[in-house]
Amino acid sequence: MTKPNLLSGMQPSAGSLHLGNYLGALVNWANMQDDFNAYYVIVDLHAITVPQDPDELRANTRRTAAQYLAAGIDHEKSALFVQSHVPAHAELAWVLNCITGMGEAGRMTQFKDKSQKSGSDSASVGLFTYPILQAADILLYQPKAVPVGEDQRQHLELTRDLATRFNSRFGDTFTIPEAVILKETAKIYDLQNPEAKMSKSAGDPKGLINIMDDSAAVVKKIKSAVTDTDGIIQFDRETKPGISNLLGIHSAISGESISELEQRFEGAGYGALKGEVADVVVAAIEPIRNRTEELLSDPAELDRLLANGAARANELAEQTLATVYDRIGFLRSTWR
Ligand code: AMP
Ligand code: TRP
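The text that follows walks through the structure, step by step, so that each part is easy to find. The model shown is predicted, which means the values in this text are computed figures rather than measured ones.

**Examining the overall build of the protein**
Here is step 1 of the chain: Check the secondary structure of the protein and you find 13 helices and 5 strands.
Here is step 2 of the chain: Here the protein has a C-alpha radius of gyration of 22 Å; the compact-globule value for 336 residues is 20 Å, and the two agree.
Here is step 3 of the chain: Each of the three principal axes of the protein carries a C-alpha extent, and together these read 75 × 45 × 45 Å.
Here is step 4 of the chain: Carbon together with sulfur atoms contributes 51% to the accessible area of the protein, which is approximately 16300 Å² in total.

Dropping the structure here:
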């Protein structure tokens with residue numbers, strides 16, 4: 001029996017993933033590799049929809065790849081590749097641009113948020129068509145499943161609309177993908193502001209745990225996490241967001257349930273909880289950081305793994321694109 005395809009993507013927009021990316025997304029991606037024929041793409045074309053320093057972009061692309069491999073993406077099971085290495089992404093995006101309405105694209109809330117941040121005069125046309133490029137990423141690989149965070153739901157709906165529209169205008173070409181939004185996965189909050197999601201754009205760097213932080217820094221950030229003053233270790237997001245976040249982080253990594261943790265820590269101080277959470281987090285991310293450094297110390301080998309991934313991805317992407325070009329009425333070339 002052949003496994004269904006799966007595709008997901010991440011931007012190479014930071015030097016390190018944070019604990020939320022790891023527990024909220026990456027752990028699932030690694031788990032899904034056995035049941036799906038998975039394609040994981042590092043979306044550098046998407047990254048340039050906002051200004052990027054060229055050297056930094058190149059470095060972050062390698063660093064992102066290395067962290068995904070270190071955290072359990074298996075390059076033999078899954079194709080891990082860089083978007084700009086597979087030309088069909090940009091090519092299919094153009095075709096999809098031409099079947100997308102201006103109004104339809106204008107309703108994307110992520111565009112509205114991001115263009116407001118940069119001021120709509122400086123927002124690029126690339127940022128406007130970002131979701132259409134994302135649809136191309138997905139549809140090239142005929143995936144059944146696309147695991148993403150809740151914030152990507154609208155982009156997945158657009159992708160499904162475009163696929164359905166293309167299929168009905170030009171004949172069955174694309175699989176209609178399902179968004180897999182894992183509700184039960186840990187949502188990790190900012191250590192300094194535990195009502196906000198942990199995010200790379202955090203106001204205070206002390207609130208953010210990066211996979212690439214050294215262990216001493218991780219311990220220090222956890223020990224200075226914001227809590228409350230009633231001294232009771234109990235899970236309640238409303239009244240005790242700080243303690244609840246620490247319990248959530250522990251549970252997501254250790255697998256111990258929240259109620260087991262509450263029982264075990266009954267009567268203990270916040271210091272004891274923080275100490276154990278720090279141990280658990282360090283034990284989880286230290287090996288990932290070390291493996292990432294090891295992979296980065298041999299960039300030629302890393303680039304070779306990415307080239308293999310791109311070759312695998314390219315095969316299927318070219319096949320889908322050739323069908324699209326035929327259906328849409330492009331004259332077939334004899335050289336390509
Ligand atoms: P981003 O870095 O925001 O592009 O997110 C990449 C992936 O990590 C998405 O699938 C998000 O759902 C997930 N993610 C980001 N921040 C968190 C968080 N604080 N808790 C859980 N998952 C997160
Ligand atoms: N827009 C996604 C994000 O910000 C990244 C992405 C690009 C993506 N292409 C994709 C995710 C294809 C899933 C499938 O997280």
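Once you've had a look at it, read on.
**Here we look at the site of ligand 2**
Here is step 1 of the chain: All residues adjacent to ligand 2 are Leu7, Ser8, Gly9, Val43, His46, Tyr130, Gln134, Asp137, Ile138, Val146, Val148 and Gln152.
Here is step 2 of the chain: Note that a nitrogen atom of ligand 2 is positioned 2.7 Å from one of the side-chain N or O atoms of Tyr130.
Here is step 3 of the chain: Asp137 places a polar side-chain atom, nitrogen or oxygen, 2.7 Å from a nitrogen atom of ligand 2.
Here is step 4 of the chain: For ligand 2, the protein covers 88% of the area, taking 370 Å² as the surface of the free molecule.
Here is step 5 of the chain: Those elements that provide at least two residues to the shell around ligand 2 are strand E1 (5-10) and helix H7 (125-139).
Here is step 6 of the chain: Grouping the constituent residues of the shell around ligand 2 by class yields 6 nonpolar, 5 polar and 1 charged.

**Let's talk about the site of ligand 1**
Here is step 1 of the chain: Close to ligand 1 lie His18, Gly20, Asn21, Gly24, Ala25, Gly149, Ala186, Lys187, Ile188, Lys197, Met198 and Lys200, which account for all nearby residues.
Here is step 2 of the chain: The contact in question runs from an oxygen atom of ligand 1 to an N or O atom on the backbone of Gly149, over 3.5 Å.
Here is step 3 of the chain: Ile188 is positioned such that a nitrogen or oxygen atom in its backbone is 2.7 Å from a nitrogen atom of ligand 1.
Here is step 4 of the chain: Within the complex, the protein chains bury 75% of what would otherwise be the 480 Å² of accessible surface of ligand 1.
Here is step 5 of the chain: Class assignment of the residues belonging to the shell around ligand 1 gives a composition of 4 nonpolar, 5 polar and 3 charged.

**Examining the pattern of salt bridges**
Here is step 1 of the chain: Evaluated as defined, the whole model comprises 17 salt bridges.
Here is step 2 of the chain: A salt bridge links Asp204 to Lys206; the shortest N-O distance between them is 3.6 Å.
Here is step 3 of the chain: The exposure class of Lys206 is partly exposed, given its relative accessible area of 41%.
Here is step 4 of the chain: A salt bridge links Glu276 to Arg264; its shortest N-O distance comes to 2.6 Å.

**Here we look at the packing of helix H3 (residues 54-70) against helix H12 (residues 270-296)**
Between two packed helices, the angle of one axis relative to the other and the distance separating the axes together describe the packing.
Here is step 1 of the chain: The interhelical angle for the contact between H3 and H12, taken along N-to-C directions, is 130 degrees, at an axis separation of 8 Å. Taken as axis vectors, H3 and H12 run oblique relative to one another. Considering only the axes of H3 and H12, their crossing is right-handed. Of the residues in H12, those in contact with Arg62, Arg63, Ala66, Gln67, Leu69 and Ala70 of H3 are Ile288, Arg291, Thr292, Leu295 and Leu296.

Reading the values: rules and limits
- For every chain, the first residue of its written sequence is number 1, and the numbers climb from 1 along that sequence.
- The lettering of chains begins at A and the numbering of ligands begins at 1, in the order of writing.
- Only residues with pLDDT of at least 70 get local features here, since the model is predicted, and only at 80 or more are side-chain atom pairs given and counted; chain-wide, interface and lining totals rely on the full set of residues.
- The side-chain quantities take in all heavy atoms of the structure and omit both hydrogens and water.
- Helix numbers and strand numbers start at the N terminus; a helix is a DSSP run of H or I with at least 4 residues, a strand a run of E with at least 2.
- Here the globule rule is a power law, 2.2 Å times the number of residues to the power 0.38, and the radius of gyration is based on C-alpha atoms.
- Where accessible areas are quoted, they stem from the Shrake-Rupley method and a 1.4 Å probe; at the residue level, only the protein chains shown are allowed to cover.
- A single heavy atom is enough: if one lies within 4 Å of a molecule or strand, its residue is considered near that molecule or strand.
- Under the rule applied, a polar contact is a pair of N or O atoms within 3.5 Å (in protein, one hydrogen donor and one hydrogen acceptor; residues adjacent in sequence only if both atoms are side-chain atoms).
- Only Asp, Glu, Lys and Arg are considered charged in this grouping, and only Ala, Val, Leu, Ile, Met, Phe, Trp, Tyr, Cys and Pro are considered nonpolar; every other residue, Gly among them, is considered polar.
- Here a salt bridge means any side-chain nitrogen of Lys or Arg lying within 4 Å of a carboxyl oxygen belonging to Asp or Glu.
- A simple rule labels every residue: compare its accessible area, found with a 1.4 Å probe on the protein chains alone, to the largest value its type can have, and call it buried under 20%, exposed over 50%, or partly exposed in between.
- To define axes, lines are fitted to C-alpha atoms, for helices over the stretch in contact only, and angles between the resulting N-to-C directions are given on a 0 to 180 degree scale.
- Should an angle fall under 35 degrees it is called roughly parallel, over 145 degrees roughly antiparallel, and 65 to 115 degrees roughly perpendicular, with every other angle called oblique.
- Note on convention: near helix rotated counterclockwise from far helix by under a right angle means a left-handed crossing. Clockwise means right-handed.
- Contact criterion: two residues are considered in contact whenever any of their non-hydrogen atoms come within 4.5 Å of each other.

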